[in-house]
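Report on the structure
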Amino acid sequence: MDMQAILNDWKQNAHRHEDRNFAFLHRLKIRDERPVDRAARQLHEEAFSIIDCTQCANCCKTVSPLFRKDDVRRIANHLGMTADDFRAQYLQADEEGDLHLKRLPCPFLGGDNRCKIYEARPRDCAEYPHTQKKGFSSRTYLHAGNTLSCPAVFYIVQQMRARHRGR
């Protein structure tokens, strides 16, 4: 499958498969985590060998990362701002007190779909979409939600579902 086919499949089917993907991801919790993590890492590598994020950047257009204190300090310093000024200009706290962007798309997304603060970007952005991390099956809600915003996550989950059906 090439990148355009993956993008088209995601655009046409992500919302249609939302409930099925959530149910599948939820069922993974009862399995041995090691083979699930191994499969997820393999599919993560496969997906990102095909997909060029700068051709999509939907995550930067539709999802706000969580900004931790160290992210705020690092990015503010990178931009030559104080942490307080950075928070006031770009961030807002949610009901739990977590800091997120005030508005989307991300103000640091360039017209070429590249991050203007890539070297200093938040940890959530650097680790996105979290499919390569240990504990894949414990992130049901995260991955299910990300199938709607990231064609790579949709591809990974669809491939996992297809492999599961083949057993």
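Above: the structure in question.
Reference entry: report on the structure contained in this document. Position numbers for residues count from 1 along each chain, tracking the sequence in the order it is written. Reporting of local features is limited, given that this is a predicted model, to residues whose pLDDT is at least 70; pairs of side-chain atoms are given and counted only at 80 or more, and all residues count toward the totals for whole chains, interfaces and linings. Neither water nor hydrogens contribute to the side-chain values; these are computed over all heavy atoms in the structure.

Let us now look at the overall build of the protein. The helix and strand inventory of the protein stands at 9 helices and 2 strands. Reading the protein from its N end, one meets helices and strands in the order α-α-α-α-α-α-β-β-α-α-α. Dimensions along the principal axes, computed over C-alpha positions, put the protein at roughly 55 × 35 × 25 Å. For every residue, the accessible area obtained with a 1.4 Å probe (protein chains only) is divided by the maximum for its type, and the residue is called buried under 20%, exposed over 50%, and partly exposed between those limits. By residue count, 41% of the 167 residues in the protein fall in the buried class. Contacts were defined at the residue level, with two residues in contact if any of their heavy atoms lie within 4.5 Å. Restricting the contact set of the protein to residue pairs at least 6 apart, pairs at least 24 apart contribute 71%. Separation between the mean location of the 28 positive side-chain charges and that of the 22 negative ones in the protein comes to 4 Å. Strands here are runs of E lasting at least two residues and helices are runs of H or I lasting at least four, both read from the DSSP assignment and numbered beginning at the N terminus. Charge counting treats Lys and Arg as positive and Asp and Glu as negative, with His and both chain ends excluded. Every charge is mapped to an atom, namely NZ of Lys, CZ of Arg, CG of Asp or CD of Glu.

Turning our eyes to something else, we now look at unusual backbone geometry. Among all residues save glycine, negative phi is the norm, and among peptide bonds the norm is trans. For the bond running from leucine 104 to proline 105, omega is 0°, close enough to zero to count as cis. Here proline 105 is to be found in the loop between β2 (99-101) and α7 (123-127). In the segment running from tyrosine 128 into proline 129, the intervening peptide bond is cis, with an omega of 10°. For proline 129, the position within the fold is in the loop between α7 and α8 (140-149). Positive phi values are uncommon outside glycine, yet histidine 130 reaches one of about 70°.

Buried within helix α2 (residues 18-27) we find Asn21, Phe24 and Leu25. Viewed end-on, α2 has its buried residues packed into an arc of 95°, placing them on one side of the element. In this fold, the buried residues of α2 make contact with α8 and α9 (151-165). The arc in question is the one traced by the directions running from the helix axis out to the C-beta atoms.

Before going further, it helps to spend a moment on the side chain of asparagine 113. Relative to the assigned elements, asparagine 113 resides in the loop between β2 and α7. Any N or O atom pair separated by 3.5 Å or less is treated as a polar contact, with the protein-specific requirement of one donor-capable and one acceptor-capable atom, and with residues adjacent in sequence counted only for side-chain atom pairs. At a separation of 3.0 Å, a polar atom in the side chain of asparagine 113 contacts the main-chain carbonyl oxygen of threonine 54. Apart from the residues within four sequence positions on either side, asparagine 113 is in contact with Thr54, Gln55, Cys56, Ala57 and Lys61.

Attention now moves to the environment of valine 36. By secondary structure assignment, the location of valine 36 is in helix α3 (residues 33-50). A relative accessible area of 7% means that valine 36 is categorised as buried. Placed 98 residues apart in sequence, valine 36 and lysine 134 show a C-alpha to C-alpha distance of 9.2 Å. Those residues in contact with valine 36 that lie beyond four places of it in its chain are Leu28, Arg31, Phe136, Ser137 and Met160.

To continue, consider α3. One fewer than the residue count of a helix, multiplied by 1.5 Å, yields its expected span. Between its first and last C-alpha, α3 extends 26 Å over 18 residues, near the 26 Å set by a 1.5 Å rise per residue. Regarding α3, the residues found buried are Val36, Asp37, Ala40, Leu43, His44 and Ala47. Angularly, the buried residues of α3 cover 135° about the axis, an arc narrow enough to put them on a single face. Exposed residues pointing more than 90 degrees away from the buried face of α3 are listed as Arg34, Arg38, Glu45 and Ser49. Where α3 is buried, its residues contact α9.

Turning next to the nonpolar core. Definition used in this section: a nonpolar core is a set of buried Ala, Val, Leu, Ile, Met, Phe, Trp, Tyr and Cys residues joined via side-chain atoms within 4.5 Å. Counting residues in each nonpolar core, the largest one holds 25 residues, and the members touching the most others are Trp10, Phe24, Leu25, Leu28, Phe136, Ile156 and Met160. For this core, the secondary-structure elements that each account for two or more residues are α1 (3-13), α2, α3 and α9. Counting residues per element, this core draws most heavily on α9, which supplies 7 residues. With residues near it in sequence (within four places) discarded, tryptophan 10 still touches Cys56, Asn58, Thr147, Leu148, Ser149, Cys150, Pro151 and Phe154. Core analysis: the next-biggest nonpolar cluster, separate from the first, contains 15 residues, Phe67, Ile75, Cys106 and Ala120 among them.

The analysis is restricted to geometry; functional conclusions fall outside its scope.
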